[in-house]
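Summary of structural features
Residue strings, one per chain:
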Amino acid sequence: MSVETLERILSEHPFLKDLKEEYLDLIVGCARNVFYKPGEFIFREGEEAHEFYIIRDGRVSLEISVPGKNPVVIQTLEDGEVLGWSWIVPPYYWHFDARVVEPTRVIALDGRCLRNKCEEDHNLGYELLKRFLTIVEQRLQATRIQLLDLYGAS
Amino acid sequence: MLPHLFVIRSRKLETSDTFTLELEPIESGLEFSFLPGQYNMIYVFGVGEVPISISSDPRRKNRISHTTRMVGTVTKAMGMLKKGDVLGIRGPFGTSWPVDRCENCDIVIVAGGIGLAPLRPAIYYILANRERYNRVILLYGARTPEDILYKQEIEKWKSRFDFEVYVTVDRGTSGWKGNVGVVTTLIPRAPFESRNSVAFVCGPEVMMRFTAIELVKRGVKEDNIFISMERNMKCGIGLCGHCQFGPVFVCKDGPVFSYNQVKDLLFKREI
């Protein structure tokens, strides 16, 4: 039986594919496994963003809380997806709540540590920015299509 | 070209503005054969005619069903009809989902909103001949949990081990525990073998455009993506020209086209 080490999981993850070995080692050094129960919040709007997450399995909903009303779910993220990019964009605060819908295992990565490393080594910073920008672009596109309200009666 | 008379045997409200009529031919012995993806011209007497895809099992010849949303004059009038009322039907018309040509392939069915209705006969057909296909996956996007079509049937499909069903909504509500996000976001996650996959896509035209782009990005060949168009169909036989779409008539050459056939036209704003 093969052991699922953090190194193996991260090196095989599409988000980190083809990353230089030294950078991958650095990222593995910043990683830890975390388990969340349904209803738990991984982060909340306004809190400092000092981590990001690779969802191993489970489901997390990104929500906006509305006073006096139920929270509005913007999007849900599942197995294999990357959660959180606010740690890389000043002033490093979360914009949404991330609430766990199903039992969820994530790999949490220390953004504060990585931010410092990115400042020291701009090649690493550029690599990570490119990868996060792709995620931001995908989410923006999805949000724009969502705004079209495609299925509503015309 | 004369319509056959059909009587409404049942009427089911699927969502707040969408309903399914189950129809039976009045003429005794008349059997109604169609291919998955084809449509009928439905005539509401005194009001007008409208093209609507057939949503029932193609193996069932004595009854057909149509699911539609109350949006225009004719469909609103249809929505007011009751069990026992009579409709005129011309058809079936148009091209079909190529269910016979994609054996031994993974089948990816992507439906948006009421676009699930024209795909339902293909699902029935594929599930009835399940051994001929590899993985069969349904990716379905609706506006809200309340707008999900065929809810009970989707639950039944989900319980099958040989059919993978993923549902997402654009706007989640507090009670909704499922996925939230547009249907295109399901494509990168869906477990299919891109090179050996055939995709059937139906929904609003914009949704089909973005879906096709995602499927191509995922590695599905353009020839293996099929979409169902809806454009001002009027006569059903390519005579009146209302549904002309570049060099083709949607009513006669479609509604099901390969993405390759219509790709260039889909991205032209003037058409």
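Just so it is clear, the model here is predicted, and its values are computed rather than measured. (Residues numbered from 1 in each chain as written. Chains lettered and ligands numbered in written order. Predicted model: local features only at pLDDT ≥ 70, side-chain atom pairs only at ≥ 80, totals over all residues. Heavy atoms only, no water.)

**Considering the nonpolar core**
Among the nonpolar cores identified, the biggest contains 40 residues, and Leu10, Ile42, Tyr53 and Leu83 of chain A are the most heavily contacted of them. Apart from the residues within four sequence positions on either side, leucine 10 of chain A is in contact with Leu16, Leu24, Ile27, Val28, Ala31, Ile54, Ile107 and Leu109 of chain A. Counting 39 residues, the second-largest nonpolar core is a separate cluster that includes Val110, Leu215, Val220 and Val248 of chain B. (Core = buried A, V, L, I, M, F, W, Y, C linked by side-chain atoms within 4.5 Å. Buried < 20%, exposed > 50% of the residue type's maximum accessible area, 1.4 Å probe, protein only. Contact = heavy atoms within 4.5 Å.)

**Comments concerning the packing of aromatic side chains**
Aromatic rings considered in pairs are described by the distance between their centres and by the relative angle of their planes. Residue and element names in this part refer to chain A. Counted by the stated rule, this structure contains 14 aromatic pairs over all chains. Centroid distance phenylalanine 43 to tyrosine 53: 6.1 Å. Interplanar angle 25°. Geometry classified as stacked. A residue pair is termed long-range when its members are at least 10 positions apart, and phenylalanine 43 in strand 2 (residues 41–43) and tyrosine 53 in strand 3 (residues 51–64) qualify at 10 residues. For phenylalanine 43, a relative accessible area of 3% puts it in the buried group. Seen from their ring centres, phenylalanine 43 and tryptophan 94 are 3.6 Å apart, and the 10° between their planes marks the pair as stacked. (Phe/Tyr/Trp six-rings, centres within 6.5 Å; stacked < 30°, edge-to-face > 60°. Helix = DSSP H or I, 4+ residues; strand = E, 2+ residues; numbered from the N terminus.)

**Side note on helix 2 (residues 21–29) of chain A**
Residue and element names in this part refer to chain A. Three or more residues of helix 2 are buried, namely Tyr23, Leu24, Ile27 and Val28. Burial along helix 2 is one-sided: seen end-on, the buried residues are contained in an arc of 140°. Across from the buried face of helix 2, at angles greater than 90 degrees, the exposed residues are Glu22 and Gly29. Buried residues in helix 2 make contact with helix 1 (6–12), strand 1 (31–36), strand 6 (97–110), helix 3 (111–120) and helix 4 (122–147). (Arc of directions from axis to C-beta.)

Coordinates in, geometry out; function isn't part of it.
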